[in-house]
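For reference, the chains in residue letters:
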Amino acid sequence: MDIRNQVILITGGASGLGAGTARALVAQGARVVLADVQDEAGKALAAELGQSYVHCDVTSETDAQAAVDAATAQGTLRGLVNCAGIAPASRIVGKNGPHELSLFRRVIDINLTGSFNMARLAAQAMSTNEPQATGERGVLVNTASVAAYDGQIGQSAYAASKAGIVGMTLAIARDLSRLGIRCMTIAPGIFGTPMLFGMPQEVQDSLAASVPFPSRLGRPEDYARLVLSIFENDMLNGETIRLDGAIRMAP
Ligand code: NAD
């Protein structure tokens, strides 16, 4: 996929991995539309990059359609990068009682259903694109987590939501192959973003030290480089790639 002058929609684009991806894509000549619920930060980054921002709660059908419409208004929508997500920690039985079902449902709604909601509407819009020389009409990139595999304590809802993304990736890829639309998922390990910065410094330090190589936290640029590779390589399809420096998260 040649992304130059093509439009890429990024959910969770106001912060962390989504923001880093926006910077990298713009540097490669793409046009990006940032979609998020953090309007102030999203507008500020869009203004800095000379790009667009749209308010979009990924759980809302109308917001998601409005974000896809905002993207197609900018040109040909060739990519969706689903970065929106939340990761609240909660033991299944904790000091204040059992894990709240409403919290479980909220995590699934944002991380899993939200990713699917965006994917279905972006793919619908991409289905009418002229194929590029490779035969591709578009590329969908989701964000799972090593939590989908590693069984971290306090992360049952998050793990379920991310495992759901892993599970739907190949099904979406095979389903959309007739339209020339690929679907890939990245499963990051431990990245230095606001999602992690809420943790005490000593926890962050020990997490960084537990990455076998390189012995550091992942950076948004590391994630963005893999997104660029996925766009670039049309043989990558239906797969989830761990991006984690070989860390295995236990407990
Ligand atoms: P982040 O908190 O910096 O960014 C997440 C963004 O998602 C925020 O801008 C937030 O406003 C947005 N968001 C939350 N709910 C939303 C909603 N309903 N609609 C639209 N936007 C919403 O965190 P990040 O680290 O950049 O996370 C990006 C993705 O990477 C997430 O899916 C996260 O689960 C995943 N991830 C992060 C790490 C890590 O270590 N940071 C590891 C594995 C996976």
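Scoring rules and cut-offs
- All residue numbers refer to position in the chain's written sequence, counted from 1.
- In view of the model being predicted, local features appear only for residues whose pLDDT reaches at least 70, and side-chain atom pairs are presented and counted only at 80 or more, with totals across whole chains, interfaces and linings using the full set of residues.
- Excluding hydrogens and water, the side-chain figures rest on all heavy atoms present in the structure.
- The helix count covers DSSP runs of H or I at least four residues long, the strand count covers runs of E at least two residues long, and both are numbered beginning at the N terminus.
- Helix span is expected to be 1.5 Å times the residue number reduced by one.
- Bend angle per residue: angle between axes fitted to the 7 residues ending at that residue and the 7 residues starting there.
- DSSP calls a pair of strands paired once it identifies at least 2 bridges connecting them.
- Angular values range over 0 to 180 degrees, each being the angle between N-to-C directions of two axes fitted as lines to C-alpha atoms, with helices fitted over their stretch in contact.
- Contact definition: two residues touch when any of their heavy atoms are within 4.5 Å.
- The working definition used for a salt bridge is a side-chain nitrogen of Lys or Arg within 4 Å of a carboxyl oxygen of Asp or Glu.
- Note on classification: 1.4 Å probe, protein chains only; a residue is buried when its accessible area is under 20% of the maximum for its type, exposed when over 50%, partly exposed between these limits.

S.K.: Just give me the short version of helix α4 (residues 101-126), but keep the residues and values in it.
M.R.: With 26 residues, α4 ought to run about 38 Å at 1.5 Å a step, and its terminal C-alpha atoms sit 36 Å apart, in line with that. Along α4, the sharpest kink reaches roughly 35°, centred on Thr 113.

S.K.: Which residues make up the sheet that holds strand β7 (residues 138-143), and what values do they have?
M.R.: Hydrogen bonds between backbone groups are what pair the strands of a sheet, and the pairing can be parallel or antiparallel. Pairing within the open sheet is parallel, and its seven strands lie in the order β3-β2-β1-β4-β7-β8-β9. Of all strands in the sheet, those bounded by a partner on one side alone are β3 (52-55) and β9 (240-243). Strand-to-strand twist of the sheet, defined as the mean angle between neighbouring strand axes without regard to direction, takes the value 20°. Relative to strand β4 (residues 77-82), strand β1 (residues 7-11) runs parallel, the two being bridged by five bridges. Bridge pairing in β4 places Val 7 opposite Leu 77. Sitting on the sheet, helix α2 (residues 39-49) touches β2 (31-36) and β3, and the angle it makes with β3 is about 165°.

S.K.: Describe the pattern of salt bridges, and please don't skip the residues or the numbers.
M.R.: Per the stated rule, a full pass over the model turns up ten salt bridges. In this structure, Glu 136 and Arg 182 form a salt bridge, with 2.7 Å as the shortest nitrogen-oxygen distance. Here Arg 182 lies in strand β8 (residues 181-188) and Glu 136 lies in the loop between α4 and β7, a separation of 46 residues in the sequence. Accessibility classification places Glu 136 together with Arg 182 in one group, the buried group. Connected through shared salt-bridge partners, Asp 150, Arg 242, Asp 244 and Arg 248 make up one network.

S.K.: Got a sec to walk through unusual backbone geometry? Specific residues and values, please.
M.R.: In this model, Phe 213 is joined to Pro 214 through a cis peptide bond whose omega is -5°. Within the secondary structure, Pro 214 is located in the loop between α8 (201-209) and α9 (220-232). Here Ala 246, not a glycine, exhibits a phi torsion of approximately 70°, which is positive. By the element assignment, Ala 246 lies in the segment after β9.

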